[in-house]
Amino acid sequence: MSDSFLAQVDRMFDKAAALTSHPAGLLTQIKMCNSVYAFEFPLQRDDGTIITIRAWRAEHSQHKLPTKGGIRYASNVTEDEVRALATLMTYKCAIVDVPFGGAKGGVRISRRSFSDAELQRITRRYTYELTRKNFIGPGIDVPAPDYGTSGKEMAWILDTYNSLTHDPLDALACVTGKPIGQGGIRGRKEATGLGVFYGIREACSFEEDMKPLGLGPGLIGKTMIIQGLGNVGYHAAKFLSEHGVKLVGVGEYEGAIYNAEGIDLEDLVAHRKSTGSVFDFGSAENIESSRDILTRPCDILIPAALEGQITDENATDIQARIIAEAANGPVTAKADEILLSNGVMILPDVYLNAGGVTVSYFEWLRNLSHVRFGRMSRRFEQTAQEHLLSAVENLTGQSFDPDEKREIAKGADEVTLVYSGLEETMVNAYHEIRDIAQKKKTDLRTAAFISAIDKVATSYTEMGIFP
Ligand code: NAD
């Protein structure tokens, strides 16, 4: 029997922990999941029948507060999975220096089987349960979207929390990934996919790292396959296509398509919207089993759907030279070993999909400060730049083109600041991980875990808990 998701995450932790010199007790504390709330609640369906719904919220580590992590709506979600995802969140936050502990929520439903009104009742009841047990709050635990949830559910969570809280001033910060009008931040929706793009771009920029893979540096001319065209997959594909990577394969739950000549992303999205599936898209080949797309030829394979997609059964057939883990846990521990021994570069989930939590952090800060980023400084920056450009014109006796002048002088708006903060975060974290990988002569995942362990260990020792 293969290891559970949590056992696999813990195996990866152990591999990295063995390369550190922290005391065993401290390592155990870092690894353990601190608290899990498992519960059931009733739902009256639209037709009057009553069913019970299973749900969880796991808080892996409170070494920094609040804890943070998405809520997953999926028919096969389990407690093990929620614990594993909460665990990954702790490491992820540490890797990108977001000052939160890790958490995750799960509700065992297939959202396609419920009406909007039912989903709203489920979400509100779930939030009520978390509030009652002190598992949600701006300084306690802050959920966000994950597989099967979006801004809509986050708005219901906010409204429910608002109606129950005794601290309305900061209530907006109880959840992130909200719609803009409900305290959300510009750039959050695309943040994880954009972070995936920044991470891949950075990894591909090192000629010496691309050479052993048989690839040239940079993105232009590389090919990619995406599994899962949801929020993360779509945005990763969009930014990569815009920067010269050719999309050759797409897998969705109904099946997959492949076309070595290239697939236009927006046309495919429109086609799927109108026909309900990716099949029969131009001259692309139809592939019945979505999983089969993973072993088709490409340079960069981006699993962006669910965990456990690349296992010891299909790892040897993978043709991609780079696997970019946009989803959480798409490569099992055994598959990881096979791929590494085949010289494949794996950009680990624990780093690569941290864009979502990074921008969630920006949203949380914005909610607590009650002011949009750029609001206080944008006009000032613009005026200062205009004065500077006018001084240059006076000195040189030459005038800038008015459009160019406007472009240079414009102050940064919220989305520009969010993108720039995210880029800075993803680039710095990649350099940190790559340096550790080189120093310890290990792979990027192990290096990312070492980075996380060192940072969480420092938090504990600085607290004086483990002197
Ligand atoms: P989503 O629900 O928006 O998209 C998931 C997509 O995968 C959907 O289009 C779905 O139809 C498709 N899918 C489902 N089963 C499939 C299968 N067997 N084969 C191919 N496609 C399948 O979810 P998302 O938010 O994009 O999350 C995707 C992954 O990214 C998850 O692992 C999630 O944990 C991870 N992630 C998400 C975020 C975020 O900000 N949303 C952040 C970090 C990590």
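1. Quick word on the site of the ligand
Here is step 1: Around the ligand, the structure places 23 residues, and the nearest of them are Arg72, Asp146, Thr192, Glu252 and Asn328.
Here is step 2: At 2.9 Å from an oxygen atom of the ligand is found a main-chain nitrogen or oxygen belonging to valine 232.
Here is step 3: Here the shell around the ligand is composed, by residue class, of eight nonpolar, 10 polar and five charged.

2. Description of the packing of aromatic side chains
We describe a pair of aromatic rings using the distance from one ring centre to the other and the angle between the two ring planes.
Here is step 1: This model, assessed by the stated rule, comprises 15 aromatic pairs.
Here is step 2: Here the aromatic cluster, defined as three or more aromatic residues joined through ring pairs, consists of Tyr37, Phe39, Phe41, Tyr126 and Phe135.
Here is step 3: Stacked on the ring of tyrosine 258, the Lys or Arg arginine 296 has its end atom at 5.6 Å from the ring centre.

3. Section: the layout of surface pockets
Here is step 1: One number sums up the size of the second largest pocket: a volume of about 440 Å³.
Here is step 2: What lines the second largest pocket is a set of 26 residues, among which Asp3, Ser4, Phe5, Gln8 and Gly308 lie closest to the centre.
Here is step 3: Those elements giving two or more residues to the lining of the second largest pocket turn out to be α1 (5-17), α3 (79-95) and α10 (333-341).
Here is step 4: The biggest single contributor to the lining of the second largest pocket is α1, with five residues.
Here is step 5: Taken together, the residues that form the lining of the second largest pocket break down as seven nonpolar, 10 polar and nine charged.
Here is step 6: Lining the lining of the second largest pocket are residues from two domains, each supplying at least three of them: domain 1 (35-186) and domain 2 (191-352).

4. Regarding the packing of helix α4 (residues 116-132) against helix α5 (residues 151-164)
Here is step 1: As a packed pair, α4 and α5 sit with axes 9 Å apart at the nearest point and diverge in direction by 45°. When the axis of α4 is compared with that of α5, the two are oblique. Considering only the axes of α4 and α5, their crossing is right-handed. In this structure, α4 uses Asp116, Leu119, Gln120, Thr123, Arg124, Thr127, Tyr128 and Thr131 to contact α5, whose residues at the interface are Lys152, Glu153, Trp156, Ile157, Asp159, Thr160, Tyr161 and Leu164.
Here is step 2: In terms of residue class, the contact of α4 with α5 is built from six nonpolar, five polar and five charged.

5. What about the side chain of glutamate 254?
Here is step 1: Residue placement: glutamate 254 occurs in the loop between β7 (246-252) and β8 (255-258).
Here is step 2: In this structure glutamate 254 comes out as buried when scored by relative accessible area, which is 19%.
Here is step 3: For glutamate 254, the side chain forms a polar contact with the main-chain nitrogen of valine 278, separated by 3.0 Å.
Here is step 4: Setting aside anything within four residues of it in sequence, one finds glutamate 254 in contact with Arg272, Gly276, Ser277, Val278, Phe279 and Glu288.

6. With respect to the sheet that holds strand β3 (residues 67-73)
Here is step 1: An order of β1-β2-β4-β3-β5 is seen for the five strands of this open sheet, with the pairing classed as mixed. The sheet is open, and its two edges are formed by β1 (35-44) and β5 (141-145), each paired on a single side. Strand-to-strand twist across the sheet, computed as the mean angle between neighbouring axes with direction ignored, equals 20°.
Here is step 2: Note: β3 against β5, five bridges, orientation parallel. From the neighbouring strand, glycine 69 faces β5, where its bridge partner is proline 143.
Here is step 3: Packed on one face of the sheet, α3 meets β1, β2 (50-59), β3 and β4 (101-107) and runs near 150° to β4.
Here is step 4: Running at roughly 140° to β1, α4 makes contact with β1, β2, β3 and β4 of the sheet.

7. Re the sheet that holds β7
Here is step 1: Read from one edge to the other, the open sheet built from seven strands follows the order β9-β8-β7-β6-β10-β11-β12, with strand pairing classed as mixed. Single-partner strands in this sheet number two, and they are β9 (285-287) and β12 (345-347). Taken pair by pair, the neighbouring strands of this sheet meet at an average axis angle of 20°, ignoring direction.
Here is step 2: For strand β11 (residues 322-324) and β12, the ladder comprises three bridges, and the chain directions are parallel. Bridged to isoleucine 322 within β12 is methionine 345.
Here is step 3: Across the sheet, helix α8 (residues 231-242) touches β6 (223-227) and β10 (300-303), and the angle it forms with β6 is around 170°.

8. Structural notes on the domain arrangement of the chain
Here is step 1: The domain boundaries assigned to the chain delineate domain 1 (35-186), domain 2 (191-352) and domain 3 (375-412).
Here is step 2: Placing a centre on the C-alpha atoms of domain 1 and another on those of domain 3 gives a separation of 45 Å.

Conventions we followed
- Residues numbered from 1 in each chain as written.
- Predicted model: local features only at pLDDT ≥ 70, side-chain atom pairs only at ≥ 80, totals over all residues.
- Heavy atoms only, no water.
- Near = heavy atom within 4 Å.
- Polar contact = N/O pair within 3.5 Å; in protein donor to acceptor, adjacent residues only side chain to side chain.
- Nonpolar A, V, L, I, M, F, W, Y, C, P; charged D, E, K, R; others polar.
- Phe/Tyr/Trp six-rings, centres within 6.5 Å; stacked < 30°, edge-to-face > 60°.
- Lys NZ or Arg CZ within 6 Å of the ring centre and 35° of its normal.
- 1 Å grid on protein atoms, 1.4 Å probe; cavity = no way out; pocket = protein on both sides within 12 Å on 5 of 7 lines; lining within 4 Å.
- Points joined across faces, edges and corners; volume = space filled by probe spheres on them.
- Helix = DSSP H or I, 4+ residues; strand = E, 2+ residues; numbered from the N terminus.
- Domains from an automatic or database assignment.
- Axes fitted to C-alpha atoms, helices over the stretch in contact; angles between N-to-C directions.
- Parallel < 35°, antiparallel > 145°, perpendicular 65-115°, else oblique.
- Left-handed = near helix turned anticlockwise from the far one by under 90°.
- Contact = heavy atoms within 4.5 Å.
- Buried < 20%, exposed > 50% of the residue type's maximum accessible area, 1.4 Å probe, protein only.
- Pairing = 2+ DSSP bridges.

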